[in-house]
Amino acid sequence: MAMKSQSTSSSSVGLSPDAQFRVVRKRNRVPLSCAPCRHRKLKCNRGHPCDNCTKRGDNASCTYATPGNRKKTSSTNSTASSPDDMQNRIDRLEGLVLSLMTNGAQSAGPAAAAAAIASMNQNGGSISGSSADVPLDVDGPAMIKEEQEHDDSDVEQVSKSMGIMKVDNNKAFFASEAHWYAILGEITEVKNYFAEHKKQYDEQLLRHQTTYSDEIKPGTAFLFGAVQPADRAEIMAAFPPKQTADLLITRYFNVYDPAFHIVHGPTFQKQYDRHWLNPDETPTIWFGMAYAMMCIALQSYNRGGDEPPEYRGKTWELSGDYRRRTVQCILKSDITMPITYMLETLILHVQADYSRSRDAEVGVLISWSIIVRLAMRMGYHRDSNPYRALSPYQGEMRRRVWLVVRTMDLLFSQQNGQPPMIRSSDTNTELPRNIYDDELFEEMKVLPSSRPLSEATPCSYMITKARLVYAFAKVVEESQVLSCTSYDGITKLDQRLRELHASTPPHLQMRSMEESARDPATLIMQRFSLELLYLKAQCMLHKKFLGPSRESARYAYSRRTCIDASLAMLRHQVTIYQETQQGGRLRTVKWFITSLTTNDFLLAAMVVALDLHHTSEAERAGRSPPSEIYAWPQDRRDEMLSAIDRAVNIWEGLRDGSMEAYKAHATLSVMLDKLKSYQSLRQAQQNFAAAAAAYPATANLEDANVAPEHSAAMTLGMLSTGALTPNSANMFDNRPSYPASMGNILNDPLPPVSQGTGLTPQYTGPAVSGGDQAVAGSGASPFSQLFGTSNLGFQNMDLPTTNIDWVSAH
């Protein structure tokens, strides 16, 4: 979502330098409410004291702002000119400097304009508090220099997230703007690409469904009668012999996801031994839990490629059989009954289901919502300490189960662009204790003290991840909030994330593969998982400020943090991909890489590509907003482009096994081609500008009799009229701006065909035969004509009018 400021939207080619770069400053409004009411966001009746302060008995603090105390003047000096005239001159020269720094760094203009600014300062003028005063290298929130005191009304439109809504072919679909494909609504050529390649997409979807899809979609096996019920005798007869069960149960405890540490090993071993002594007394739901554990074990063989001889080529089919048996046990025990092990069995079953697919599955999200409601019905969202009916052992195991329920509710919801069901205000359940399983037993009267997180126990990773997840929940809430959020709140969340990241236990802190030479593969994957969660939180927290950062220096830190986090995620993607290939150190644990992880990589690639796209669009249109002082240097742009290039190559190797990977490869390939085309064009333009630096028209700029500000103005005038850049009037055609609301993007048609593409001067699209007449087609994008002249909207990406159905593509 890109938001345009007044100064940017008002600038256009052909305006005079004064009108084009005049900075429009916000009116300094005096708040009418008292300070306590503004702080508490209450409606104030403006009394002295007001009613709210009177009710609280806090009359002394009921104070009102005065016209003179909201913003101090930037300088106490005065000159012969009026303050308004002086400010206008400062604004004009500031705009000249920033424009020339972006578009004419090789010319004599920037030096002249800088001299003009220095001259103004010597005469008593000041530009302190403007964006020119902000350093280029912004290292943290504390380094952000705001223009004295900001009114948060400029953050309101950024903070409000309406999400995207598409209604088509009797289907309604919603996702928050934090979802990766919501970014595609801002890239017209991507939408056109899929409209033009509909047949290829349909063929790929058919191949994928034939090769990889289960008969029963993940997450729906116990819904809608997908699995036929079975009686207890059939369930018991299908249970494998002890030798087979021993192998699979042992495999489960060796490879289970430590974030799902909800089965207490010693207790399960006692129950397992009792089962073989007297199977008739084993509860049906316990059979279901054991079937789910063996299903996960078989899937790990298949994903890891280390199947034992007796299971070679059979693990996937066998895991499907055990999956159905798990569902039969759930149905036989009545899913609505809050009995012991029902929740654990459901969690393990859905975990196995989401691991079966490399794509985000809506069925998994729906199934998990049932788990959330069942957990709340059983009281897992309340800590067990006040309830004497629950033993210390039961209370501790309930904490582990609730942690998993809350964590996956957030992650599955965020993956599908939905708000989580569980709010932090709904629960008071504490985190589990960092103890070994041998310290926990059913007959215990008191729980042992928690060990420090620096001590590696089976729960240390689970607890560390939960702390990050709970902070990430606040980030997700901010990304989907409908009310105004202050930027101070964003920086506080950022600081909280950094503190949690810094407090990660040493054995779980991220290290390079060289530094992890003696570490087990499982531990390395845990480090990657924690690091990716932290980076995703940073990316999502600051993503909404990517657009405004080009308009206001206030948000420059957000832009840099978001891009840094995205690039780090893409570097980790390369490492993980290489190390999970044949001969890599992580090949035996590549089943750790699920649809949740690939979704994070895709979000990062989209963010980097989108930032480069909007930067190129701004330059192509000749726009130079104030914050272009933060424009990435060329080596940074090259790094970002290389990161997308590497991601495209990785997605190409995965696209045959995942529809999301197919979409990712196609989308990023289109964007990469366009960005490379623009880079070539930009390089050619810079080469010409460098050669034209000695053009005679610049000679008068070196005349000592010419005032610096006049020299800067003439330089800018020549840049805008084409004297220093060939065909600049055509090369930088005005581009149609994208709306601020993603909801509008999805439902609005593309711009009219009369606007041209902006890539080729005066080009309006290929002629389309229509009888004896030729109609000129066009597109809003500088590259849309490369993929045809289709005037279809975003519906062709997710819920198209034609046959491409992105929602059911899984």
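The structure displayed is predicted, hence computed values, not measured ones.

Caption draft 1: Inspection of the UniProt feature "domain: Zn(2)-C6 fungal-type" (unreviewed entry) in the protein at higher detail. Mapped onto this structure's residue numbering, the UniProt feature "domain: Zn(2)-C6 fungal-type" (unreviewed entry) falls at residues 33–64. Here residues 33–64 runs as 38% helix and 0% strand, with 7 Å between its end C-alpha atoms.

Caption draft 2: Main features of the packing of helix H19 (residues 487–502) against helix H21 (residues 556–579). The contact between H19 and H21 brings their axes to 12 Å, and the two run at 35°. For the element pair H19 and H21, the recorded crossing hand is left-handed. Residue-level inspection shows Tyr487, Asp494 and Arg498 of H19 in contact with H21, the latter providing Tyr557, Ser558 and Thr561. Residues of the contact of H19 with H21, tallied by class, amount to two nonpolar, two polar and two charged.

Caption draft 3: A look at the packing of aromatic side chains. Under the counting rule described, the total for this entry stands at 17 aromatic pairs. Both rings, one in Phe239 and one in Phe287, keep their centres 5.4 Å apart while their planes meet at 75°; by these two values the pair is edge-to-face. One end of the pair, Phe239, is in the loop between helix H10 (232–238) and helix H11 (242–255); the other, Phe287, is in helix H13 (residues 284–304), with 48 residues separating them in the sequence. Note on Phe239 and Tyr291: the rings are 5.4 Å apart at their centroids and 70° apart in plane angle, and the pair reads as edge-to-face. Of the two residues, Phe239 is situated in the loop between H10 and H11 and Tyr291 in helix H13; the sequence distance between them amounts to 52 residues. The exposure class assigned to Tyr291 is buried, which follows from its relative accessible area of 0%. Members of the aromatic cluster, joined through ring pairs, are Phe239, Tyr252, Phe253, Tyr256, Phe268, Tyr272, Trp276, Trp286, Phe287, Tyr291 and Tyr322.

Caption draft 4: Seen up close, the nonpolar core. If you look at the biggest cluster of nonpolar residues, it comprises 140 residues, and the most contacted ones within it are Ile347, Trp368 and Val405. By size, the runner-up hydrophobic cluster in this structure holds seven residues, among which are Cys34, Cys44, Cys53 and Tyr64.

Caption draft 5: View of the environment of Met606. Assignment of secondary structure puts Met606 in helix H22 (residues 595–620). Overall, the relative accessible area of 0% leaves Met606 in the buried class. Between the C-alpha atoms of Met606 and Ala664, which are 58 residues apart in sequence, the distance is 8.9 Å.

Caption draft 6: Unusual backbone geometry, seen in detail. Put simply, His48 and Pro49 share a cis peptide bond, and its omega is 0°. Among the structural elements, Pro49 can be located in the loop between helix H3 (35–40) and helix H4 (51–56). For Arg46, which is not a glycine, the phi torsion comes out positive at approximately 65°. Structurally, the position occupied by Arg46 is in the loop between H3 and H4. The backbone of Asp334 sits at a positive phi, close to 70°, despite the residue not being glycine. With respect to the helices and strands, the residue Asp334 is situated in the loop between helix H14 (315–333) and helix H15 (342–356).

Scoring rules and cut-offs
Residues numbered from 1 in each chain as written. Predicted model: local features only at pLDDT ≥ 70, side-chain atom pairs only at ≥ 80, totals over all residues. Heavy atoms only, no water. UniProt positions renumbered as here; feature names shortened; annotations may be inferred. Helix = DSSP H or I, 4+ residues; strand = E, 2+ residues; numbered from the N terminus. Axes fitted to C-alpha atoms, helices over the stretch in contact; angles between N-to-C directions. Left-handed = near helix turned anticlockwise from the far one by under 90°. Contact = heavy atoms within 4.5 Å. Nonpolar A, V, L, I, M, F, W, Y, C, P; charged D, E, K, R; others polar. Phe/Tyr/Trp six-rings, centres within 6.5 Å; stacked < 30°, edge-to-face > 60°. Buried < 20%, exposed > 50% of the residue type's maximum accessible area, 1.4 Å probe, protein only. Core = buried A, V, L, I, M, F, W, Y, C linked by side-chain atoms within 4.5 Å.

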